[in-house]
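# Architecture at a glance
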Amino acid sequence: EPEVTQTPSHQVTQMGQEVILRCVPISNHLYFYWYRQILGQKVEFLVSFYNNEISEKSEIFDDQFSVERPDGSNFTLKIRSTKLEDSAMYFCAIGQDQNEKLFFGSGTQLSVL
Amino acid sequence: RKEVEQDPGPFNVPEGATVAFNCTYSNSASQSFFWYRQDCRKEPKLLMSVYSSGNEDGRFTAQLNRASQYISLLIRDSKLSDSATYLCVVGFSGNTPLVFGKGTRLSVIA
């Protein structure tokens, strides 16, 4: 199974602050994803990234969010000005193709105070 | 709309029991189907893909009914370690990403 490392495992921040969540996929997979899961709710799609650009994004992924893969290895999710409702577990995932199985990182628990 | 519905449970079963979960999906053009397992505060982990002909992996059997738009997961001889939330995941047509159900919680009791 491909390895996907996420850092940090926990992030606590004040409302309005910027956070950057990091993902390092150790594989040759082509598609990269961010999903989030609010406590007690389902896993929700945020954005998919292919060939160094966003291929699909959900309505959750508004102007406060951005993704990039600056050096061909790290895949980051930035939230510019965090809100209380951004508190969730954020999962990075990789896949070989759209609609194919995904492999998830261990997640970053983000708490916005 | 692209929706995946599951009975949230919880299903509380004794060790050794057989338990079955169902999942329904909204779009008949769906292309790919999976069962994931998620432990509390952990990432989803792929349990098995679901194929049209049905498939089995040890104590786990997955089936797909396209006509009725549902997927099932059967767990035989339940173990304590099977306690987790089981997520039904569907890939709809086109370039849309996988859609997750809310999950069904299973507790296997000694």
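Please refer to the structure placed before this passage.
Heads up: these notes are all about the structure in this document. (Residues numbered from 1 in each chain as written. Chains lettered and ligands numbered in written order. Predicted model: local features only at pLDDT ≥ 70, side-chain atom pairs only at ≥ 80, totals over all residues. Heavy atoms only, no water.)

### Regarding the interface of chain A and chain B
Facing 21 residues of chain A, the contacting portion of chain B comprises 23 residues. Of the roughly 1,800 Å² buried between chain A and chain B, counting both surfaces, carbon and sulfur atoms make up 56%. Counting across the interface, chain A meets chain B through three residue pairs in polar contact (both at pLDDT 80 or more). For the side of chain A that touches chain B, the secondary-structure elements that each account for two or more residues are strand 4 (31–37), strand 5 (43–50), strand 9 (88–95) and strand 10 (102–104) of chain A. For the side of chain A that touches chain B, the element with the highest residue contribution is strand 4 of chain A, accounting for three residues. Taken together, the residues of the side of chain A that touches chain B break down into nine nonpolar, eight polar and four charged. (Contact = heavy atoms within 4.5 Å. Buried area = accessible area lost by both parts, 1.4 Å probe. Polar contact = N/O pair within 3.5 Å; in protein donor to acceptor, adjacent residues only side chain to side chain. Helix = DSSP H or I, 4+ residues; strand = E, 2+ residues; numbered from the N terminus. Nonpolar A, V, L, I, M, F, W, Y, C, P; charged D, E, K, R; others polar.)

### Things to note about the sheet that holds strand 7 (residues 60–65) of chain B
Hydrogen bonds between backbone groups are what pair the strands of a sheet, and the pairing can be parallel or antiparallel. All names here are of chain B. Across the sheet, which stays open at both edges, the five strands sit in the order 1-3-8-7-6 with antiparallel pairing between neighbours. Taken across any chain shown, the strands that pair with only one partner, and hence form the sheet edges, are strand 1 (4–6) and strand 6 (55–57). Going from strand to strand, the sheet's axes swing by 20° on average, the running direction of each strand aside. (Pairing = 2+ DSSP bridges. Axes fitted to C-alpha atoms, helices over the stretch in contact; angles between N-to-C directions.)

### Thoughts on the packing of aromatic side chains
Counted under the stated rule, the structure contains 18 aromatic pairs over all chains. A ring pair is formed by F34 of chain B and Y36 of chain B, whose centres lie 6.5 Å apart and whose planes are at 70°; its orientation type is edge-to-face. Its relative accessible area of 0% is what places Y36 of chain B among the buried residues. Through a chain of ring-to-ring contacts, three or more aromatic side chains come together here, namely Y31, Y33, Y35, F45, Y50, F91 and F104 of chain A together with F34, Y36 and F100 of chain B. (Phe/Tyr/Trp six-rings, centres within 6.5 Å; stacked < 30°, edge-to-face > 60°. Buried < 20%, exposed > 50% of the residue type's maximum accessible area, 1.4 Å probe, protein only.)

### Let's talk about the state of the cysteines
One covalent bond between the sulfur atoms of two cysteine residues makes up a disulfide. Taken as a whole, this structure holds two disulfides over all chains when the rule is applied. Between the sulfur of C23 of chain A and that of C92 of chain A lies a disulfide, 2.0 Å long from S to S. Note on the C23 of chain A and C92 of chain A pair: the S-S dihedral is about -60°, so by sign convention the disulfide is left-handed. With C23 of chain A in strand 3 (residues 19–26) and C92 of chain A in strand 9, this residue pair connects regions lying 69 residues apart in the sequence. Given a relative accessible area of 0%, C23 of chain A falls into the buried group. Across the disulfide from C23 of chain B sits C88 of chain B; the S-S distance is 2.0 Å. (Disulfide = S-S within 2.5 Å.)

### Considerations on unusual backbone geometry
Trans is the common state for peptide bonds, and a negative phi is the common state for residues other than glycine. Here the bond from T7 of chain A into P8 of chain A is cis, since omega is -10°, no more than 30 degrees from zero. Assignment of secondary structure puts P8 of chain A in the loop between strand 1 (3–7) and strand 2 (10–13). Residue G9 of chain B is joined to P10 of chain B through a cis peptide bond whose omega torsion reads 5°. One can find P10 of chain B in the loop between strand 1 and strand 2 (11–14). Positive phi is not limited to glycine here, since Q69 of chain B has a value of about 60°. Examined against the element boundaries, Q69 of chain B turns out to sit in the loop between strand 7 and strand 8 (70–75).

### Considering the sheet that holds strand 3 of chain A
Residues and elements named next belong to chain A. Strand order in this open sheet of four strands is 1-3-8-7, and the pairing throughout is antiparallel. The open sheet has two free edges, formed respectively by strand 1 and strand 7 (65–68), since each of these has just one partner strand. Across the sheet, the mean angle from the axis of one strand to that of its neighbour is 15°, orientation sign disregarded. Inspection of the sheet shows strand 1 paired to strand 3 by five bridges, in the antiparallel sense. Note on strand 3: the bridge partner recorded for Q6 is C23.

### Notes on the nonpolar core
Residues and elements named next belong to chain B. Ranked by size, the top nonpolar core spans 25 residues in total, and within it W35 and I71 carry the most contacts. Within the residue set of this core, elements represented by two or more residues are strand 3 (19–25), strand 4 (32–38), strand 7, strand 8, strand 9 (84–91) and strand 11 (104–109). Ignoring anything within four residues of it in the chain, the contact list for I71 reads F21, N22, C23, Y25, F33, W35, V50, Q63, L64, C88 and V90. (Core = buried A, V, L, I, M, F, W, Y, C linked by side-chain atoms within 4.5 Å.)

Remember that the coordinates give geometry; whether it matters functionally is a separate question.
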